[in-house]
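A look at the structure
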Amino acid sequence: MFDTHCHLNFKRFKKNLDEVISRAFDAGVTKIVIPGTDITSSKKAIEIAEKYDGIYAAVGIHPHHTAKYSSSVIPDSDPESRKDWILNQVQDDIFQIKQLLNHPKVVAVGEVGMDRHKYEDTKYEAYNIDNRFLNIQKKLLRLQIELAIKHNKSLILHNREAREDILQIIEENWDNSLSGRTVFHCCEPNLELLNFAKEHNMFIGVDGDVTYDKAKQEFIKQVPFEMLVLETDSPFILPEPLLSQKKYPNEPKNIRYVIEAVAKLKGEKVDKVEQVTTKNGTALFHMALIS
Ligand SMILES: [Zn+2]
Ligand SMILES: [Zn+2]
């Protein structure tokens, strides 16, 4: 089984990381990709990947972390120098991500994208989802798509409530080298996204919410088998029945529940879903099937 998206690099796993990873391997998970969300978590993803066969890292700045630039106390308040200041910060961070891409276990740029969701539980004090905020997100996304293209890496896309924005940026910055190696992670159940993904030969990431979310279930029935990759997004998106049992946090071994749900929806055998989605994952990240 292949967990193509989980955050073992988050604090939540700090105390029991080795146990979580051995539970995953014992359960039959053979491959894991850990995406970064900022510089620190990207470095942490690499650090974990270095220690284990079958574990890989992605590096990138998540759109939510745009709040870091927009809510910072900016030394000079006149609009032009403020803009320059933000741009410098962004470019510094992009430069750091670029350096991390040279690591042999980094398989992708990610997770990057667009996000209009206002998070309650956030370390950032003052942030508003206004045009300025969205423009910084767009800038970050453009620069990171460019990095994936230049460095010949796969691309993990995050979209939350920002479909139109993200599709526009991808379209404008698309390069054929991204075909077959880009994923809409935790894809919204939406046909416009599916059609776009088909046209661009992209993958669709499916999570634990497919065990209970009716819209996602209907959506997955329409996604061709060869486009599906599975993810837990641990520590988030706990699948049923673990959700009702409040068995937090989610962890990679629970990918089994996602496989079972997809098998049921597709009318396929569990073994077949396991095989096909693992193969799809290795194709997405340009990995050998056996590591
Ligand atoms: Zn995400
Ligand atoms: Zn994520």
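Residues numbered from 1 in each chain as written. Chains lettered and ligands numbered in written order. Predicted model: local features only at pLDDT ≥ 70, side-chain atom pairs only at ≥ 80, totals over all residues.

**Examining the UniProt feature "binding site: a divalent metal cation 1" (unreviewed entry) in the protein chain**
Our working definition: UniProt positions are given in the numbering used here, feature names are shortened, and annotations may be inferred rather than shown by experiment. We count a stretch as a helix when DSSP gives it H or I for four or more residues in a row; a strand needs E for two or more, and each element gets its number in order from the N terminus. Once C-beta atoms are placed from the backbone, each residue is buried if 20 or more other C-beta atoms lie within 10 Å of its own, exposed if 12 or fewer, and partly exposed for counts between those two. Placing C-beta atoms from the backbone, we regard two residues as in contact once those atoms come within 7 Å.
The positions that UniProt labels "binding site: a divalent metal cation 1" (unreviewed entry) are, in the present scheme, His5, His7, Glu111 and Asp233. A maximum C-alpha distance of 11.2 Å is found for the annotated residues, which run over 229 residues; spatially they form one tight group. Along the chain, Glu111 falls in strand β4 (residues 106–115). Classification of Glu111 as buried rests on a count of 28 C-beta atoms within 10 Å. Not counting residues within four places of it along the chain, the set of residues in contact with Glu111 comprises Pro35, Thr37, Ala58, Gly60, His62, Ile156, His158 and His185. Note that Asp233 resides in the loop between β8 (228–230) and α9 (255–266). For Asp233, a count of 23 C-beta atoms within 10 Å gives the class buried.

**Focus on the pairing of strand β2 (residues 31–35)**
For clarity, the cut-off: Here a strand pair is declared whenever DSSP counts at least two bridges between the two strands. When the strands point away from the viewer and the path from the first strand over the helix to the second turns clockwise, the crossover is right-handed.
The buried fraction of β2 is high, at five of five residues. Residues of β2 alternate between two faces, with Lys31, Val33 and Pro35 on one and Ile32 and Ile34 on the opposite face, all of them buried. Inspection of the sheet shows strand β1 (residues 2–3) paired to β2 by two bridges, in the parallel sense. Bridge pairing links Phe2 to Lys31 in β2. In the sheet, β2 pairs with strand β3 (residues 55–59) via four bridges, with the strands oriented parallel. Bridging from a neighbouring strand, Pro35 pairs with Ala58 of β3. The parallel pair β2 and β3 is bridged by helix α2 (residues 39–51), and the resulting crossover is right-handed.

**Describing helix α6 (residues 163–173)**
Selection criterion: As used here, the arc belongs to the directions running from the helix axis to the C-beta atoms.
Along α6, the positions that sit buried rather than exposed are Ile166, Ile169 and Ile170. For α6, the angular spread of buried residues about the axis comes to 100°, placing them on one side. For α6, exposure combined with an orientation more than 90 degrees from the buried face picks out Glu164, Glu171 and Glu172. Its buried side turned inward, α6 meets β4, α5 (131–150) and β5 (154–160).

**Considering helix α4 (residues 79–100)**
As a reminder, the rule being used: Given the number of residues in a helix, its expected span is that number minus one, multiplied by 1.5 Å.
Its 22 residues give α4 an end-to-end C-alpha distance of 32 Å, which sits within 8% of 32 Å, the value for a rise of 1.5 Å per residue. Every buried residue belonging to α4 is among Ile86, Asp93, Ile97 and Leu100, and all of these are buried. Taken down its axis, α4 places every buried residue within 55° of arc, on the same side. Set apart from the buried face of α4 by more than 90 degrees, the exposed residues are Glu80, Ser81, Asn88, Gln91, Asp92, Phe95 and Gln99. Close packing links the buried residues of α4 with α2, β3, α3 (67–70), β4 and α5.

**A short note on the packing of α2 against α4**
Relative placement of two packed helices is described by the angle separating their axes and the distance separating the axes. For clarity, the threshold we go by: Here an angle of 0 to 180 degrees is reported between the N-to-C directions of two axes, which are lines fitted to C-alpha atoms, with helices fitted over the stretch in contact. For this classification, under 35 degrees means roughly parallel, over 145 means roughly antiparallel, 65 to 115 means roughly perpendicular, and everything else is oblique.
Viewed as axis vectors pointing N to C, α2 and α4 meet at an angle of 5°, and their least axial separation amounts to 10 Å. In terms of orientation, α2 lies roughly parallel with respect to α4. Along the contact surface, α2 presents Ile39, Ser42, Lys43 and Ile46, while α4 presents Asp93, Gln96, Ile97 and Leu100.

**Re the UniProt feature "binding site: a divalent metal cation 2" (unreviewed entry) in the protein chain**
Here the UniProt-annotated "binding site: a divalent metal cation 2" (unreviewed entry) positions come out as His158 and His185. The greatest C-alpha distance among the annotated residues, which extend across 28 residues, is 5.8 Å, indicating that they converge on a single site. Note on placement: His158 falls in strand β5. With residues near it in sequence (within four places) discarded, His158 still touches His62, Pro63, Glu111, Val112, Gly113, Asp115 and His185. Tracing the backbone shows His185 in the loop between β6 (182–184) and α7 (191–199).

**Concerning the nonpolar core**
Soluble globular proteins: nonpolar side chains tend toward being buried together. Keep this limit in mind: A set of buried residues qualifies as a nonpolar core if it consists of Ala, Val, Leu, Ile, Met, Phe, Trp, Tyr and Cys joined through C-beta atoms within 7 Å.
Membership of the largest hydrophobic core comes to 72 residues, with the highest contact counts inside it found for Ile34, Ala57, Ala58, Val59, Ile204 and Val258. The element best represented in this core is α5, accounting for seven residues. In contact with Ile34, other than residues within four places in its own chain, are Cys6, His7, Leu8, Asn9, Ala45, Ile48, Ala49, Ile55, Ala57 and Ala58.

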